[in-house]
Amino acid sequence: TRVRFTGGEPLVRKDIVRLVALTHRRAPQVELVMTTNGSRLAELAAPLREAGLRGVNVSIDSLDPDRFAEITRGGSLPAVLAGLHAARAAGLRLKTNTVAMRGQNDHELAALVRFAWSLGATPRFIELMPLGEGAKLPQAMRMTRADVEHVLGDLLGPTGVDAAPSAKDQGPARYAHARGDESRQVGFITPLSSTFCDSCNRIRLTARGDLRSCLASRSALSLRDILRAGGSDADVAWGLHSALGQKGQGHGFLD
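Throughout what follows, the structure given in this document is the object of discussion.

Some thoughts on the pattern of salt bridges
- The final tally for this structure, using the stated rule, is nine salt bridges.
- For aspartate 181, the salt bridge goes to arginine 184, with nearest N and O atoms at 3.8 Å.
- Given the relative accessible area of 27%, aspartate 181 is considered partly exposed.
- Residue arginine 224 pairs with aspartate 225 through a salt bridge whose shortest N-O separation is 3.8 Å.
- Classification of arginine 224 by relative accessible area gives partly exposed; the value is 34%.
- A single network of salt bridges, built from pairs that share partners, joins Arg2, Glu31 and Arg93.

So, in structure tokens, the structure goes:
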């Protein structure tokens, strides 16, 4: 029911608008969304919306241009902010993704929440995962959901974070309402402190055609090989079903 274009960075693909349009044309009943760093969103938000995209999750780890550039190794905060405003103007549903890091952006978390709310976006905080560049960072930088909740303090309502992922959102995030305003939420994605593997229904297809049951999984099924060998739609469906069936009770981030 939902396909997410992600990466890496999907907006560096030259034919990304065409890819979204082809997917929408082939399966108009499927909701199409995207996770992006927002660097090219200012120019592509409107074409993507016209092609069939319905929502974007934009990564933003700081509202300070210098700190943003440092965290992203050269990223431009003004370009991302322009992208967020363009996405809003195009009618795309907005969420922001922030990796909370002690000593880096922990003093900005409340400001990032208020900024997202000012755009009508839902802010989400993601625990720093030991993947890629994150594996090279000291463990002392990692902040759990409880750490972020403590920093946000009175911004959050008294009921706390939902015990289970939202069925409506269809993702791994758990949400807390804003104090005094249930129309505003803050999301938490907690792959380390509170795993969501038992309720995860996501599978990942890489640009090379490898189907993985989990972001942290090292095993994959090549749908590309199935298709190049003359496989049918039924063979591909078997692959999708197989990937879901191979989901584990947990991931290997801390192994």
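Quick look at the sheet that holds strand 5 (residues 122-127)
- Taking strand neighbours across the sheet as the criterion, the seven strands line up as 1-2-3-4-5-7-6 in an open arrangement whose pairing is mixed. At either end of the open sheet lies a strand with only one pairing partner, and these are strand 1 (2-5) and strand 6 (174-178). The mean inter-strand angle of the sheet, taken between neighbouring strand axes irrespective of direction, is 25°.
- Of the strand pairs in this sheet, strand 6 and strand 7 (residues 181-189) are connected by five bridges, and their pairing is antiparallel.

Section: the packing of aromatic side chains
- This model, assessed by the stated rule, comprises one aromatic pair.
- Ring geometry for phenylalanine 125 against phenylalanine 188: centres 6.3 Å apart, planes inclined by 35°, an arrangement best described as tilted. Separated by 63 residues along the polypeptide, phenylalanine 125 in strand 5 and phenylalanine 188 in strand 7 bring together distant segments of the chain. Phenylalanine 188 shares its class with phenylalanine 125; the two are buried.

So, the nonpolar core
- Core analysis: the largest hydrophobic core is formed by 46 residues, its most contacted members being Val20, Met34, Leu53, Val56, Leu152 and Phe188.
- Beyond its immediate stretch of four places on either side in the chain, phenylalanine 188 contacts Phe125, Arg145, Val148, Glu149, Leu152, Leu156, Val161, Pro172, Ala173, Arg174 and Ala176.
- With five residues, the next largest nonpolar core counts Leu211, Ile226, Val236 and Ala243 among its residues.

Quick notes on the packing of helix 1 (residues 16-26) against helix 2 (residues 41-51)
- Running from amino to carboxyl end, helix 1 crosses helix 2 at an angle of 20°, the nearest separation of the two axes being 8 Å. Here helix 2 runs roughly parallel to helix 1, going by the angle between their axes. Both helix 1 and helix 2 take part in a crossing whose hand is right-handed. Of the residues in helix 2, those touching helix 1 at Ile16, Val17, Val20, Ala21 and His24 are Leu44, Pro47, Leu48 and Ala51.
- Counted by class, the contact of helix 1 with helix 2 contains eight nonpolar, one polar and no charged residues.

Examining helix 4 (residues 77-90)
- The end-to-end C-alpha distance of helix 4, which contains 14 residues, comes to 20 Å, matching closely the 20 Å that a straight helix rising 1.5 Å per residue would cover.
- Buried residues belonging to helix 4 abut helix 2, strand 3 (53-59), helix 3 (65-71), strand 4 (93-100) and helix 5 (109-118).
- Just downstream of helix 4 lies glycine 91, where phi reads positive at about 90°.

Regarding the sheet that holds strand 9 (residues 210-212)
- In spatial order, the strands read 8-9-10; together these three strands make up an open sheet with antiparallel pairing. Bordering the open sheet on either side are strand 8 (204-205) and strand 10 (221-222), each of which pairs with just one other strand.

Quick look at unusual backbone geometry
- A cis amide bond links glycine 7 with the next residue in sequence, glycine 8, at an omega value of 5°.
- Tracing the chain through its elements places glycine 8 in the loop between strand 1 and helix 1.

Considering a nonpolar patch on the surface
- Taken together, the side chains of Ile203, Leu240 and Leu244 present a nonpolar region at the surface, about 210 Å² in accessible area.
- Residue placement: leucine 240 occurs in helix 8 (residues 233-245).

Notes on the pairing of strand 7
- The pairing of strand 5 with strand 7 spans three bridges and is classified as parallel. Counted as the bridge partner of arginine 124 is glycine 187 from strand 7.
- As consecutive antiparallel partners, strand 6 and strand 7 are separated by two residues, and within that stretch glycine 180 has a phi angle of approximately 80°, a positive value.

Describing the environment of glutamate 108
- Relative to the elements of secondary structure, glutamate 108 occurs in the loop between strand 4 and helix 5.
- Along the chain, glutamate 108 and aspartate 61 lie 47 residues apart, while their C-alpha atoms are 8.8 Å from each other.
- In this structure glutamate 108 touches Ser62, Leu63, Asp64 and Arg67, once residues within four positions along its chain are discounted.
- Looking at glutamate 108, its side chain comes within polar contact range of the main-chain nitrogen of leucine 63, at 2.8 Å.

The rules behind each value
The numbers attached to residues start from 1 for each chain and follow its sequence in the written order. In keeping with the predicted nature of the model, local features appear solely for residues at pLDDT of at least 70, side-chain atom pairs appear and are counted solely at 80 or more, and the whole-chain, interface and lining totals rest on all residues. The basis for the side-chain values is all heavy atoms of the structure; hydrogens and waters are excluded. Salt bridge, as used here, is a side-chain nitrogen of Lys or Arg placed within 4 Å of a carboxyl oxygen of Asp or Glu. Exposure classes here rest on a 1.4 Å probe applied to the protein chains alone. A residue is buried below 20% of its type maximum, exposed above 50%, and partly exposed in between. In this analysis, strands are considered paired if DSSP registers two or more bridges between them. Per the convention used, a helix needs a DSSP run of H or I reaching at least four residues, while a strand needs a run of E reaching at least two, with both numbered from the N terminus. Each axis is a line fitted through C-alpha atoms, taken for helices only over the stretch in contact, and angles between the N-to-C directions span 0 to 180 degrees. Ring pairs shown here join Phe, Tyr and Trp side chains whose ring centres sit within 6.5 Å, with only the six-membered ring taken for Trp; geometry is labelled stacked below 30 degrees between planes, edge-to-face above 60, and tilted in between. As used in this record, nonpolar core signifies buried Ala, Val, Leu, Ile, Met, Phe, Trp, Tyr and Cys residues forming a set joined through side-chain atoms within 4.5 Å. Whether two residues are in contact is decided by their heavy atoms: any pair within 4.5 Å suffices. Orientation is classified from the angle alone, with under 35 degrees giving roughly parallel, over 145 giving roughly antiparallel, 65 to 115 giving roughly perpendicular, and any other angle giving oblique. In this scheme, a crossing is called left-handed if the near helix is turned counterclockwise away from the far one by less than a right angle; it is called right-handed if the turn is clockwise. Residue type decides the class: Asp, Glu, Lys and Arg count as charged, Ala, Val, Leu, Ile, Met, Phe, Trp, Tyr, Cys and Pro as nonpolar, and the leftover types, Gly among them, as polar. Take the residue count of a helix, subtract one, and multiply by 1.5 Å to get its expected span. Patch definition: residues with relative accessible area over 30% and no salt bridge; like charges joined within 9 Å; nonpolar side chains (Val, Leu, Ile, Met, Phe, Trp, Tyr) joined within 5 Å. For every accessible area listed, the method is Shrake-Rupley and the probe measures 1.4 Å; residues are considered covered only by the protein chains on display. Under this definition, polar contacts are N or O atom pairs within 3.5 Å; protein pairs additionally need one hydrogen-donor-capable and one acceptor-capable atom, and for neighbouring residues in sequence, both atoms have to be side-chain atoms.

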